Amino acid sequence: MRLLKPAAIAILMSFTLTLGIIAPGAEGVALRFKEIHHSNKNEHYYSKGYWSINQDNGTRYKVRGSVRKSRSGGRSAYWKATLQSSSGICVTGFSNVSVSCHLDYHKYGELQGTRFNTRYWNSSTRYKDVNPSAKTASAGMQTCVDIRFRVDSCSSILWTDGIQYRR
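What you are looking at is a predicted structure, and each value in this text was computed from that prediction instead of being measured.

Regarding the state of the cysteines
Item 1. The final tally for this structure, using the stated rule, is one disulfide.
Item 2. Two residues, C144 and C154, share a disulfide whose sulfurs are 2.1 Å apart. Its torsion about the S-S bond being 110 degrees, the disulfide of C144 and C154 is classed as right-handed. With C144 in strand β9 (residues 136-145) and C154 in strand β10 (residues 153-154), the pair connects residues that are 10 residues apart, well separated along the chain.

Some thoughts on the environment of R60
Item 1. Within the secondary structure, R60 is located in strand β3 (residues 60-69).
Item 2. In the structure, R60 is positioned 71 residues away from N131 in sequence and 8.7 Å away in space, judged by C-alpha atoms.
Item 3. Other than its neighbours up to four places away in sequence, R60 contacts S52, I53, N54, Y127, K128, D129 and V130.

As for the pattern of salt bridges
Item 1. All told, the structure shown has four salt bridges when counted by the stated rule.
Item 2. Measuring nitrogen to oxygen at the nearest pair gives 3.4 Å for the salt bridge that ties R71 to E43. With R71 in the loop between β3 and β4 (77-86) and E43 in strand β2 (residues 43-54), the pair connects residues that are 28 residues apart, well separated along the chain.
Item 3. Its salt-bridge partner being E110, residue K107 comes within 2.9 Å of it at the nearest N-O pair.
Item 4. Here K107 falls in the exposed class, since its relative accessible area comes to 55%.
Item 5. Beyond isolated ion pairs, a larger network of salt bridges with shared partners links R115, D146 and D152.

Let's talk about the side chain of S66
Item 1. In this fold, S66 is placed in strand β3.
Item 2. Given the relative accessible area of 11%, S66 is considered buried.
Item 3. A polar atom in the side chain of S66 sits 2.6 Å from the side chain of S123.
Item 4. For S66, the contacting residues outside a window of four places in its chain are Y46, S47, K48, W79, W121, N122 and S123.

Scoring rules and cut-offs
Residues numbered from 1 in each chain as written. Predicted model: local features only at pLDDT ≥ 70, side-chain atom pairs only at ≥ 80, totals over all residues. Heavy atoms only, no water. Disulfide = S-S within 2.5 Å. Helix = DSSP H or I, 4+ residues; strand = E, 2+ residues; numbered from the N terminus. Contact = heavy atoms within 4.5 Å. Salt bridge = Lys/Arg side-chain N within 4 Å of Asp/Glu carboxyl O. Buried < 20%, exposed > 50% of the residue type's maximum accessible area, 1.4 Å probe, protein only. Polar contact = N/O pair within 3.5 Å; in protein donor to acceptor, adjacent residues only side chain to side chain.

Laid out in C-alpha cells, this is it:
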C-alpha cells in the first residue's frame, strides 16, 4: 500500500472542495432581466425574469421567466435564455471595484420557458447544471414567438453581468 504525501493530500482535498462549494456570496445572487418587448405582425410579446446560481440539487443555473402577449389567441410566446460560462475571473480591489478581468464567455447551453398564449403574465422555471470546468456564469434572455413549421421569431438578447460561483 502506497501512502500519499501531505502536500498531495492537501491538493486533492482542495480540488474536491472546490468542485462542491459555491463561492461565498454567489448563492442567493439573482440578476434580473428587465422587460423585453418583441413585435411580430401587429402582435406584441413581452418577457422578464431573473437567473441565479442555485445549490438546491447540485450547482445549477436557475432561470425564472414570465411571458405575456398584448392579446389572447394567435401564436404562443415563450422566453429563451442563453447560458454562458467562463473559466476566467475578475480581481477586485479596494471597495470591490474590478481592477482586472479576463472573462471570455462561451455559450454553454439554452433553456426555454413554457409556451403561453394569454395577455396575463405566466411564469416558468428551468434549471441546468453549470459548466464543471468554469468559474463564472452569465445569461441572456429574449422573448420568442412560436411559429409552427418555421424558425421562431425572437427579440435580441438582453445580457446580464456574470456571477463568479467558483474560486
